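Tertiary structure, described
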Amino acid sequence: MAFSAKKSLPAVVLCAAMMWTATGCSSPADNEPASETSQTAADASHAVTIMDITGNTIQLEKPLEHAAIQLSGSGGPLLTMAALDRDNYTSKIAAMDKGLESNRQDLWDLLLEANPELADIPKIGDATKDQISAEQLLTMGVDGVIAPVRQKAKMDVIAEQTGIPVIYIDYHSQKLENHIQSTKIIAEATGLTKNVDEITKFYEDVVGDIEERASKLDHTTSVYFETTSNGPTEFGNTYGAGIMWGAILDAVGADNIATHFMAADDAEALSAEQVLVSNPDKIVLSGSLWANQPDSVKMGFSVSNEEALASMEPFRQREGWDKLKAIQNNELYAIGHPMTREMLDFYSYAQLAKLFHPEEFADLDPEALIKEYFDKYMPIPYEGTWFIKYE
């Protein structure tokens, strides 16, 4: 696929883009010294041909050096880039969205402590919300964009206007093959190949094994899953069997009540009546530290068990929930919302597999697995509360 800038853009913008290419301008993070033990894309000058998750072929003269990235912490490439090469990943980023700052403040603070140069990387908006312009990317000297495929309709327009290649990935569908392929795409596109074989094998060993074993089990335990960003007074999204948490629940052998009310790729709220009528065996709430959402379930790096449990109580007190089997039998749980649509989400597969089939998955140790992953690959330590039972 060939890319060329459109003449309709202001001449000053095109000149800025040409000057960037000619002079090799860098993002603030590019001035950081590279690790001697890490191979970075800065050392690579070879052309690369990439087939992204949509099947589109992108030819690059060399791996991206000034990438713009989207949906950081929500299915975008940032955390995968960090795991691919924690010593050098920031040097590849010319612009990034504000998703981590807004929705994963504890994670953002830890990353800033480990990589202070992140603060100097220019911030851009969310393409899904029409917060990015062609002119903006050109004046930043972006040489490529890595974005979730859910942004394709918006990003294709920008690619056509600018000639900047857009490389699509997909972690949202929670398909094992897409997770592996997307990670390899990011590694090839950026040249951050140091850990690509290790982290894809790690993920495939854990999730592939869980899916294979769970496929032989009955889906007999029913569950209601809810994202709690709306607080206890308004029901939040749940998920069909083909996306995010719904796909994970299906893969680990749970009977997700949402599948009886919505299509596989839907993400929307059930009504209070639908939950009461379904009377699930278990309830799982996803929590995070969302901006301006003080009443959500709290889960994350800076959250204690006591804080997590206290934030679950108002949900437990919802009208009519005292009649539900899950509440009567003390089967209310919370899990960290960031632990989905990322290479980190093997943790959620492991925790939920044990929850719904404790005997069959008695050998799994989710906490040991996630700690191993962070110790080996991530630039920050694993800490906080990510899964808990209300007691």
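First things first, this report covers the structure right here in the doc. Predicted model, so just to flag it, every value in this text is computed and none were measured.

This part is about the pattern of salt bridges. What the rule picks out here adds up to 13 salt bridges. Of the charged contacts, one joins Lys154 and Asp130 as a salt bridge, the two residues approaching to 3.0 Å between their closest N and O atoms. Of this pair, Lys154 sits in helix 6 (residues 152-162) while Asp130 sits in the loop between helix 4 (105-114) and helix 5 (134-139), and the two are 24 residues apart along the sequence. Among the residues examined, Lys154 registers a relative accessible area of 35% and is labelled partly exposed. With a relative accessible area of 56%, Asp130 lands in the exposed category. Asp156 is the partner of Lys152 in a salt bridge, and the nearest nitrogen-oxygen pair spans 2.6 Å. Linking Lys152 with Asp156, this pair stays in helix 6, spanning 4 residues, or about one helical turn.

Strand order in this open sheet of 4 strands is 4-3-5-6, and the pairing throughout is parallel. Looking at the sheet topology across the chains shown, the edges are occupied by strand 4 (93-96) and strand 6 (166-169). The sheet shows a mean angle of 25° between the axes of neighbouring strands, direction not considered. As defined by bridge partners, strand 3 (residues 67-69) adjoins strand 4 across 3 bridges and the pair is classed as parallel.

Okay, helix 14 (residues 366-377) next. Here helix 14 spans 16 Å end to end across 12 residues, near enough to the 16 Å set by a 1.5 Å rise per residue. Taken together, the buried positions of helix 14 are Pro366, Leu369, Ile370, Tyr373, Phe374 and Tyr377. Looking straight down helix 14, one finds its buried side chains confined to an arc of 130°; they lie on one side.

Packing of helix 8 (residues 196-214) against helix 14 leaves a shortest axis separation of 12 Å and a crossing angle of 175°. With respect to each other, helix 8 and helix 14 are oriented roughly antiparallel. Taken together, the residues of helix 14 that come into contact with helix 8 (itself represented by Glu198, Ile199, Phe202 and Val206) are Leu369, Glu372, Tyr373 and Tyr377. Of the residues belonging to the contact of helix 8 with helix 14, the class tally is 6 nonpolar, no polar and 2 charged.

A few words on unusual backbone geometry. Non-glycine residue Asp130 carries a positive phi angle of around 60°. For Gln174, which is not glycine, the phi dihedral falls at a positive 60°. Tracing the chain through its elements places Gln174 in the loop between strand 6 and helix 7 (176-190). Residue Gln174 is classed as buried on the basis of its relative accessible area of 4%.

What counts, and where the lines are drawn
- Residues numbered from 1 in each chain as written.
- Predicted model: local features only at pLDDT ≥ 70, side-chain atom pairs only at ≥ 80, totals over all residues.
- Heavy atoms only, no water.
- Salt bridge = Lys/Arg side-chain N within 4 Å of Asp/Glu carboxyl O.
- Helix = DSSP H or I, 4+ residues; strand = E, 2+ residues; numbered from the N terminus.
- Buried < 20%, exposed > 50% of the residue type's maximum accessible area, 1.4 Å probe, protein only.
- Pairing = 2+ DSSP bridges.
- Axes fitted to C-alpha atoms, helices over the stretch in contact; angles between N-to-C directions.
- Expected span 1.5 Å × (residues − 1).
- Arc of directions from axis to C-beta.
- Parallel < 35°, antiparallel > 145°, perpendicular 65-115°, else oblique.
- Contact = heavy atoms within 4.5 Å.
- Nonpolar A, V, L, I, M, F, W, Y, C, P; charged D, E, K, R; others polar.

By themselves these figures say nothing about function.
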